[in-house]
Amino acid sequence: MNRHDVWQTSAPPPMRAPSGLFPGPSRPTYREPHPIGAGPLLAGLGAGAAWLALFGALGRDLASYAWWTLLAAVTAWAVALILTAIGDRAVAVGVALASGLGLSIAMLFVGSRWITTQDWPLW
């Protein structure tokens, strides 16, 4: 028996199980059940901006503008909470972003008036 015959008749060495690094079975991929898209987000931003503009247009001066904007922002946040519970979270995020930005702008005007005149404009 020569060496050449031994190599041909022997079985290949057993393979080890992969260690889990590379290569191996892939890990499970978890997906969001309701992903947020750009279209609904922009629709929520537009709706929130229109809502705040309509309420802000009711104000005659800075104080009434600020109170109407505060009312509009609170109702927009309530609608955003309802939209979140229903499952349309992209629109809810857009509405919440628009109302937060609009309320920040209104309070910026109130704060700047308060700083320049030393008089709180909301009372």
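Structure: see above.
Residues numbered from 1 in each chain as written. Predicted model: local features only at pLDDT ≥ 70, side-chain atom pairs only at ≥ 80, totals over all residues. Heavy atoms only, no water.

## Description of the packing of aromatic side chains
Inclusion rule: Two rings from Phe, Tyr or Trp (for Trp, the six-membered ring) form a pair when their centres sit within 6.5 Å of each other. Planes less than 30 degrees apart are called stacked, planes more than 60 degrees apart edge-to-face, and all others tilted.
For the structure shown, the criterion picks out five aromatic pairs. Considering the side-chain rings of Trp 120 and Trp 123, the 6.4 Å spacing of their centres and the 55° angle between planes classify their relative orientation as tilted. What links up through ring pairs into an aromatic cluster is the set Trp 67, Trp 114, Trp 120 and Trp 123.

## A look at the side chain of Ser 64
Stated formally: Each helix corresponds to a stretch of at least 4 residues labelled H or I by DSSP, and each strand to a stretch of at least 2 residues labelled E; elements are numbered beginning at the N terminus. Buried means the residue's accessible area, taken with a 1.4 Å probe over protein chains only, is under 20% of the maximum for its type, while exposed means over 50%, and partly exposed covers the values in between. The term polar contact refers here to a pair of N or O atoms within 3.5 Å; inside protein, the definition further demands a hydrogen-donor-capable atom paired with an acceptor-capable atom, and it admits residues adjacent in sequence only when both atoms are side-chain atoms.
Note on placement: Ser 64 falls in helix α3 (residues 62-86). Taking the relative accessible area as the measure of exposure, Ser 64 reaches 14% and is therefore buried. A polar atom in the side chain of Ser 64 sits 2.7 Å from the side chain of Asp 61.

## Concerning helix α4 (residues 89-117)
Under the convention used in this document: Helices are assigned an expected span. That span is 1.5 Å times one less than the residue count. Here, two residues are considered to be in contact whenever any of their heavy atoms come within 4.5 Å of each other.
For α4, spanning 29 residues, the distance from its first C-alpha to its last is 42 Å, which sits close to the expected 42 Å at 1.5 Å a residue. What α4 keeps buried is the set Ala 90, Val 91, Ala 92, Gly 94, Val 95, Ala 98, Ser 99, Gly 102, Leu 103, Ala 106 and Val 110. Of the surrounding secondary structure, the elements contacted by the buried residues of α4 are α2 (38-56) and α3. Immediately downstream of α4, the backbone of Gln 118 shows phi near 60°, a positive value.

Structural measurements only, silent on function.
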